[in-house]
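What the coordinates show
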Amino acid sequence: MVQSSRLGARVSLIAFALLSAIGWAGSAGAVTLNFLAAERPEVFKPVIAAFEAANPGTTVAYTQVPFDSLNAQIQARVGSQDPGIDVYAADTPRIPAFASRGFLLDLSPYEAQIEATASRTAVGAISADGKLWAFPMWSSTQLLFFNLDLLAKAGVPPPSAAITTRLTWDAMLDDAVRAQKAGSRWGFTFEQVDRYYQLQPLFESANAGSGLSGPGLLTPDITGPAWIKTAAWYGALFASGLSPRGVSPEQTPDLFANGQVAFFVGGPWNFDKFDAAAKLHFGIAPVPYFTGGHPATPTGSWAIGVNPYAAHKDAAVRFAEFLSVDPEGNFLTVSANPLPPTNRAAYARYIARIAGLSHSIGPAARDIITYEMANTAVQRPRSVGYVAFEDVMNHIFSDIRNGADPSAALAAAQSQLTSTLARVR
Amino acid sequence: MRKATVAAVIAALLFAFPLWWVGVSALRPTQDVFRYLSPLSVWTLLPLHPTLSNIVGLWSSPFARAIGNSVLVAGLTVVLGLATCSAAAFALAVIEFPGRSIVFAVLVVSFLIPFDAVAVPLFGILRSANLQNTYAGLVVPGIGNGLAVFLLRQFFLGLPRDLRDAALMDGAGWFSIYFRIYLPLSVPALISAAIILFVFQWQAYLWPLLIAPDPAYKVASVAIAEFASSYNVDYGLVFAGAIFISLVPMIVLVGFQNQFRTSVASSGGKE
Amino acid sequence: MRQHHDSLAAAVFLAPALVAVVVLRLWPACEALHASLLAPRAINFSLDNYRYIFTDRTFLNSLEVTLLYSVVVNPLQIALALMLALLLARELPLVGLWRTLILLPVAIPQSVSAVIWGVAFRPDGPLNAALALFGIGAQRFTTSPGQALASIIVVVSWIGIGYWMTFLIAGLQEIPPSLYEAAAMDGANRWQRLRHITIPQLRRPLTFVLVANTVANLLVFAPVQILTKGGPDGATDLIMNEIYTRAFVTGDTSSAAAASVVLVVVTLVVVAVQFRLMTPREQ
């Protein structure tokens, strides 16, 4: 009896060892990557499927985090060295801050591939301190949209889509005022009101600079006459009733789609919404500029960063690379998401799709988007203190929009930024 | 009586009015959600082109799972929380032991600490216990609720001392005094404490986002925030989600209102 | 002997709650306290973070705003909750439904409540349209430094009054009717009954509601973050908004920790004072 039980024990031990060896070998190749971003799952489904097909044994688990909280999540989780995130979407202006805090894996070994497939602007957007910290994925730009019916009612000729006849802000505002007098509820609105992303080009166009200067771009510089003049210009839009107060950036596109505003400066992601709006007839033109200044448009979007504490770093880098360097991969990321991709080959396919959108505006959109991204795009300042800077600036823009005196508001912001950025240094 | 009823109805309708707008907006196509705000028309309060597309879209997204998670997490929190908090309140109100006020002070201080301020260190602690993306990670921070302990202690202090003294003289142990005497008398307070625990979990957003972002464990308040992408918000879906998120507590609370009334009936009428 | 047995029993009853509170609230709070004593990139303890926030205009403003807000909102909400509780504690037809409708806003995710009120407060929105019907001009609500805090108070009250009302109703229903009968026989009128029976009998629930409401109002954050972001001009920059911004936006975790410690101390003082005021001497 003892004999048989001992034999039984030996057999089961061997069986157990064999089974676990098989199980272990089987799972040695199976890797699950955790990918965090702010988009709905449908956006990344195609590219994840393609990657998994090309890399059997690797699955990608995508987790959507609400946009407002993504950066806070990264800070909390990567900041506490959580290996549970492998790859995440990094907002390009935040990359210097993330890099300095150790939230991103140094990707300089992949410099060759990245520079071969992305534009110089895109590469600049993911660099800090002479190193590369993320794989570029998307970029952005802006266009001027206008409501053809509201303009016709006011007898305003629709602006041309040609770059050579780009409107000045003065000219566009004149048209907007006329449209409003003829019955349009509002004359003009930005899409992302009160946001530095949207308004920085105004100051660049007026030759006022980005607002940060000095070593490391950590010295606030927002009290010069050009800054005050442009800020006053912004505040006057609302004080005069041309633009609405109190409407959040998420709700401004609806104003245009519902035919309540004549001119709208916004991104190409609005095409689907505006095309779907039944009674809306719209045209597009390049974003206006200030007389005596130069045209400037916002740019930049999400890039893909790798967590330096990731559980599967190699697989993570391969996936991130696929999303950026691989032309098919990069294109798949925008197949369900109308943002311009950074990969040159993917961009060619994207822009061809834009051109085919509708014969009235497709070719114009193609030309404007390509021109702006190559010639007038201004990067947000590459500073470790960018996030703090942007937060204060957004508050100031909101206050100015609500009627605060520009020079007082900017002076207060300047002193606040000086003390806040000193702590970041 | 009639004046009071009219006043009650008016008050209730004033509070519920914005929810009506949310419900109507859930039945509108997304592009109509902000269309009829001003000037006021009958279409502000009724959908011109009613559609079920938001509701369909909502339930074909992982939202169903998220509501299920919210219900499970809130339910577990209420059950475990009531047991934990009523036991602690009992000790603090009924049993006399040295250091009682200090322990009470410690518990009170705990609910003064803003949760958001400790969320990140707490996240580190629970992650090192491997409670990330688990129901335990979601439920556990909601169980020791200082406010619920405070409420229950207030209630227990209001029950007559003789109950306890008589039972002690009969040789009853503390547990049977707690379970057989105090608890049955405390139904309204337990319901109030249950509401506190439930609302804490139902409203929780930052914590579930940190500890359980995985789609399998995601709760409804986080899921609803995901109908916003970085450049577009689908308000039709958001509002449809809001209606369903409110339906669950509404059903539960209406059910509990009956409990309130029966306990009143048992204590013999009111004003 | 009895005492030893009692202490042991008490420990058993208290164990789960105490463990939860110590591990999940007090220990992380100590970590935050620890972080608040370390200036950025410093190794030694110092009060630098405290010095920084107490000379920072934005933080001092947020303390003022929070104080102003608390002084207005707490009496307002408790008075309204009490009035509603007195109204709805009776057996009115369908009273359960009316109570639930008033309580329901607290069950809606705060992000959605904020969006709803954001839409209502839009200068081109339904509230101004309704006011126009009465001939009142368009108000600026959250876009005006003068009206923004009042707007936040409206939102927070809409969310919370039903919640506090519910606890007061429970308290009202515990008052023995015999007290009222005796008073009626003595010829007391409605106000006298309220002052001499109802309010004193409600002392415990009222203490609870007062303390809990004060604490909840000191921690208000979501409506501010979504509707005004602390503006315009810092008029609605409540202290939790400051803490969140420092911790999660600016990334200055040490000053956020210091601000949190200040908040907890202020809350402790306020709550202690309230307890002292509301507890009669024989307790």
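Below: a short report on this structure. (Residues numbered from 1 in each chain as written. Chains lettered and ligands numbered in written order. Predicted model: local features only at pLDDT ≥ 70, side-chain atom pairs only at ≥ 80, totals over all residues. Heavy atoms only, no water.)

Topic: the overall build of chain B
Applicable threshold: In DSSP terms, a helix is any run of H or I states spanning at least four residues, a strand is any run of E spanning at least two, and both are numbered starting from the N terminus. Only protein chains enter the calculation, and the probe is 1.4 Å; a residue is then buried if its accessible area is under 20% of its type maximum, exposed if over 50%, and partly exposed in between. By definition, residues are in contact when any of their heavy atoms lie within 4.5 Å.
From N to C terminus, chain B includes 14 helices and 0 strands. Counted from the first residue to the last, chain B has its helices and strands arranged as α-α-α-α-α-α-α-α-α-α-α-α-α-α. Here the C-alpha coordinates of chain B stretch approximately 70 × 60 × 25 Å along the principal axes. The 271 residues of chain B split such that 59% are buried. Expressed as a percentage of contacts within chain B between residues at least 6 apart in sequence, the contacts between residues at least 24 apart total 75%.

Structural notes on the interface of chain B and chain A
Note the following rule: A 1.4 Å probe defines the accessible area here, and the buried area is the portion of it lost by two parts on being joined, summed over both. Each reported salt bridge corresponds to a side-chain nitrogen of Lys or Arg within 4 Å of a carboxyl oxygen of Asp or Glu. Polar contact is defined as a pair of N or O atoms within 3.5 Å, subject to the rule that within protein one atom must be able to donate a hydrogen and the other to accept it, and that residues adjacent in sequence are counted only when both atoms are side-chain atoms.
With 27 residues of chain B in contact, the opposing surface of chain A contributes 31 residues. Buried surface at the junction of chain B and chain A, both sides included, amounts to about 2,500 Å², of which 49% is carbon and sulfur. For the pair chain B and chain A, the interface holds 1 salt bridge. Asp82 of chain A is paired through a salt bridge with Arg127 of chain B; the nearest N and O atoms lie 3.9 Å apart. Taken together, the connections running from chain B to chain A amount to 7 residue pairs in polar contact (both at pLDDT 80 or more). Contributions of two or more residues to the side of chain B that touches chain A are made by helix H6 (115-128), helix H12 (206-211), helix H13 (220-225) and helix H14 (235-266) of chain B. With 3 residues, H6 of chain B is the largest single contributor of residues to the side of chain B that touches chain A.

Observations regarding the packing of helix H9 (residues 190-201) of chain C against helix H10 (residues 203-218) of chain C
Residue and element names in this part refer to chain C. This is how it is decided: Here an axis means a line fitted to C-alpha atoms, over the contact stretch when the element is a helix, while the angle between two N-to-C directions is reported on a 0 to 180 degree scale. Each angle receives one of four descriptions, namely roughly parallel if under 35 degrees, roughly antiparallel if over 145, roughly perpendicular if within 65 to 115, and oblique otherwise. Here the nonpolar group is Ala, Val, Leu, Ile, Met, Phe, Trp, Tyr, Cys and Pro; Asp, Glu, Lys and Arg are the charged ones; every other residue, Gly included, is treated as polar.
Where H9 contacts H10, the axes come no closer than 5 Å and their chain directions differ by 60°. Comparing the axis directions of H9 and H10 gives the class oblique. Between H9 and H10, the contacting residues are Ile199, Pro200 and Gln201 on the first element and Arg203, Pro205 and Leu206 on the second. Across the contact of H9 with H10, the residue classes break down as 4 nonpolar, 1 polar and 1 charged.

Some thoughts on the sheet that holds strand E3 (residues 87-91) of chain A
Residues and elements named next belong to chain A. Put simply, the rule is: When DSSP finds two or more bridges between two strands, those strands count as paired.
The 5 strands are arranged E2-E1-E3-E14-E6 in an open sheet whose pairing can be described as mixed. Edge positions in the sheet fall to strand E2 (58-64) and strand E6 (135-136), since each of these pairs with one other strand and no more. The sheet strands contacting helix H2 (residues 41-54) are strand E1 (31-37) and E2, and the helix crosses E2 at an angle near 170°. Contacts from helix H3 (residues 67-79) reach E1, E3 and strand E14 (302-306) within the one sheet, and its direction differs from that of E1 by about 130°.

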